[in-house]
Amino acid sequence: MNSVYRSTAAFSSGLNRSARYTWAATNQSYLNICPAVKPQDTMVQWTADERAAIQGVFATLDYESVGRESLARCLVVYPWTQRYFGGFGNLYNAEAIMANPKVAAHGTVVLQGLEKALKNMDDIKNTYTTLSELHSEKLLVDPGNFQLLADCLTMVIAKRMRTEFTPDIQAAWQKFLSVVISALRRQYH
Amino acid sequence: MSLTAKDKAFVKAFWGKISSKADAIGQESLARMLVVYPQTKIYFPDWTDYSLGSPQVKKHGKTVMTAITDAVGKMDDLIGGMSALSDIHATKFRIDPVNFKILSHNILVTLAVNFPADFTAEVHVAVDKFLAALSAALADKYR
């Protein structure tokens, strides 16, 4: 875990390219926790069932409600992620985070971003080029954190879909999120 | 990220609520893991059925969940309490510890599915921390 914190400082202090590559190489183990999809440059193949499953999950989503709860949950369950939201005001406890209007607004933004991937499922990689650059160059978000938010989103969906969130649908959904995360990681240098 | 008194209280209270369905939770968590992370099947090469309804999945899910419930009572000294289990995981099963995190994730998903109202953000963080501490205790004797 310590290497993740050191790396965040490395990015923000503008450490040179070779140091960043070293960081990426030593954190490969993080990448292997993503299910099914390996982090290499191959075209993603979706079965008809997977497409249907992912579209089915999206059809259930109220972006505002799910976005708010997922981001709030991420800030509570993984409090170090609060580092990116210094201007959001009161994040002092779980109740404050859940009620925070800026968290709610940003949660919606995240879900709208995910929708872009849904609408371009066969080319998420290129669809996300600008977003990836934004997160790496401007927002300086540790890419390990994408998995944390993704997991919180999965939990919120599991809560709402309940038994309809079958293991097969969970597999397809998590594969979708892995591809999104992989695309968001691509422009980190 | 050690367990605070508040975390332990949340975990104990939540476990009290779920204890009647513990076996089913174990079964479903394992089934989800085997489907969503198919590489985990390598640890059960002689099973014939990896689906939710499989008697093998049901039995093993119960074994695992019973041990986890037992660990809830040992939160004040997980490393000591899990020592024997850590030994067999290290020497006999030799399960790569990355899989503890994978199973923990699927336990959380199963809890969210079955107890949506009780699985608040505060319970989520407490249980996540507990499972992480449990995983570390289980990996303690590995090297």
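Residues numbered from 1 in each chain as written. Chains lettered and ligands numbered in written order. Predicted model: local features only at pLDDT ≥ 70, side-chain atom pairs only at ≥ 80, totals over all residues. Heavy atoms only, no water.

Remarks on the overall build of chain B
Point 1. Scanning chain B from terminus to terminus reveals seven helices and zero strands.
Point 2. Listed by position from the N terminus, the elements making up chain B come as α-α-α-α-α-α-α.
Point 3. For 143 residues, the compact-globule estimate of 2.2 N^0.38 gives 15 Å, and the C-alpha radius of gyration of chain B, at 15 Å, lies within 12% of that figure.
Point 4. On the principal axes, the C-alpha backbone points of chain B span a range of 40 × 35 × 20 Å.
Point 5. Within the span of chain B, comprising 143 residues, buried residues form 48% of the whole.
Point 6. Considering only contacts within chain B whose residues lie at least 6 apart along the sequence, 78% involve residues at least 24 apart.
Point 7. Chain B carries 17 positive and 14 negative side-chain charges, and their two centres are separated by 2 Å. (Helix = DSSP H or I, 4+ residues; strand = E, 2+ residues; numbered from the N terminus. Rg over C-alpha atoms; globule rule 2.2 N^0.38 Å. Buried < 20%, exposed > 50% of the residue type's maximum accessible area, 1.4 Å probe, protein only. Contact = heavy atoms within 4.5 Å. Lys, Arg positive; Asp, Glu negative; His and termini not counted. Charge placed at Lys NZ, Arg CZ, Asp CG, Glu CD.)

Observations regarding the overall build of chain A
Point 1. In terms of regular secondary structure, chain A is built from eleven helices and zero strands.
Point 2. The order of α-helices and β-strands along chain A, N terminus first, is α-α-α-α-α-α-α-α-α-α-α.
Point 3. In chain A, of all internal contacts separated by at least 6 residues, the share reaching a separation of at least 24 is 76%.
Point 4. As presented, chain A carries roughly 9,400 Å² of accessible surface, and 54% of it is formed by carbon and sulfur atoms. (Areas by Shrake-Rupley, 256 points an atom, 1.4 Å probe, with all protein chains shown as cover.)

Things to note about the confidence of the model for chain B
Point 1. Across chain B, the average pLDDT comes to 96, with 100% of residues at 70 or higher.
Point 2. Listed scores for the predicted complex are pTM 0.82 and ipTM 0.86. (pLDDT = per-residue confidence, 0-100.)

Overview of the interface of chain B and chain A
Point 1. Contact with chain B, which involves 23 residues of that partner, is made by 26 residues of chain A.
Point 2. Together chain B and chain A conceal approximately 2,200 Å² of surface at their shared face, both sides included; 66% is due to carbon and sulfur atoms.
Point 3. There are zero salt bridges connecting chain B and chain A.
Point 4. Joining chain B to chain A, the criterion identifies ten residue pairs in polar contact (both at pLDDT 80 or more).
Point 5. Examining the composition of the side of chain B that touches chain A, we find that nine residues originate from one element, helix α6 (residues 98-114) of chain B, more than from any other.
Point 6. Looking at side-chain class alone, the side of chain B that touches chain A contains 14 nonpolar, five polar and four charged residues. (Buried area = accessible area lost by both parts, 1.4 Å probe. Salt bridge = Lys/Arg side-chain N within 4 Å of Asp/Glu carboxyl O. Polar contact = N/O pair within 3.5 Å; in protein donor to acceptor, adjacent residues only side chain to side chain. Nonpolar A, V, L, I, M, F, W, Y, C, P; charged D, E, K, R; others polar.)

Here we look at the UniProt feature "domain: Globin" (unreviewed entry) in chain A
Point 1. Here, the residues flagged by UniProt with the feature "domain: Globin" (unreviewed entry) are residues 45-189 of chain A.
Point 2. With 71% helix and 0% strand, residues 45-189 of chain A has its two end C-alpha atoms placed 26 Å apart. (UniProt positions renumbered as here; feature names shortened; annotations may be inferred.)

Topic: helix α7 (residues 101-119) of chain A
All names here are of chain A.
Point 1. Over its 19 residues, α7 runs 27 Å from end to end, which matches the ideal 27 Å to within 8%, given 1.5 Å per residue.
Point 2. Among all positions in α7, only Val103, Ala104, Gly107, Thr108, Leu111, Gly113, Leu114, Ala117 and Leu118 are buried.
Point 3. In the core, the buried residues of α7 are packed alongside α4 (48-59), α5 (63-77), α6 (94-99), α8 (124-127), α10 (144-161) and α11 (167-185).
Point 4. Among the residues of α7, the N-terminal cap falls to Asn100, whose side-chain oxygen and the backbone nitrogen of Lys102 are separated by 2.8 Å. (Expected span 1.5 Å × (residues − 1).)

So, the packing of aromatic side chains
Geometry of an aromatic ring pair is reported as the spacing of the ring centres plus the angle between the planes.
Point 1. Within the structure shown, the criterion is met by 15 aromatic pairs over all chains.
Point 2. Taking 6.2 Å as the distance between ring centres and 45° as the angle between the ring planes, the aromatic pair formed by Phe14(B) and Phe119(B) counts as tilted. Of the two residues, Phe14(B) sits in helix α1 (residues 5-18) while Phe119(B) sits in the loop between α6 and α7 (121-138), which places them 105 residues apart along the sequence. Assigned by exposure class, Phe14(B) and Phe119(B) land together as buried.
Point 3. Counting every residue linked through ring pairs, the aromatic cluster contains Trp46(A), Phe58(A), Tyr63(A), Trp173(A) and Phe176(A).
Point 4. Of note, Lys21(B) hangs over the ring of Phe115(B), and the distance from its end group to the ring centre comes to 5.7 Å.
Point 5. Above the face of the Tyr50(B) ring, Lys41(B) is positioned so that its terminal group lies 5.5 Å from the ring centre. (Phe/Tyr/Trp six-rings, centres within 6.5 Å; stacked < 30°, edge-to-face > 60°. Lys NZ or Arg CZ within 6 Å of the ring centre and 35° of its normal.)

A look at the pattern of salt bridges
Residue and element names in this part refer to chain B.
Point 1. Within this structure, the stated rule accounts for 14 salt bridges over all chains.
Point 2. Notably, a salt bridge pairs Asp76 with Lys8, separated by 2.7 Å at the nearest N-O pair. With a gap of 68 residues between them, Asp76 in the loop between α3 (55-72) and α4 (78-81) and Lys8 in helix α1 connect regions that are remote in the sequence.
Point 3. By relative accessible area, which is 66% here, Asp76 ends up exposed.
Point 4. Residues Asp140 and Lys141 are paired through a salt bridge, measuring 3.2 Å at the closest nitrogen-oxygen approach.

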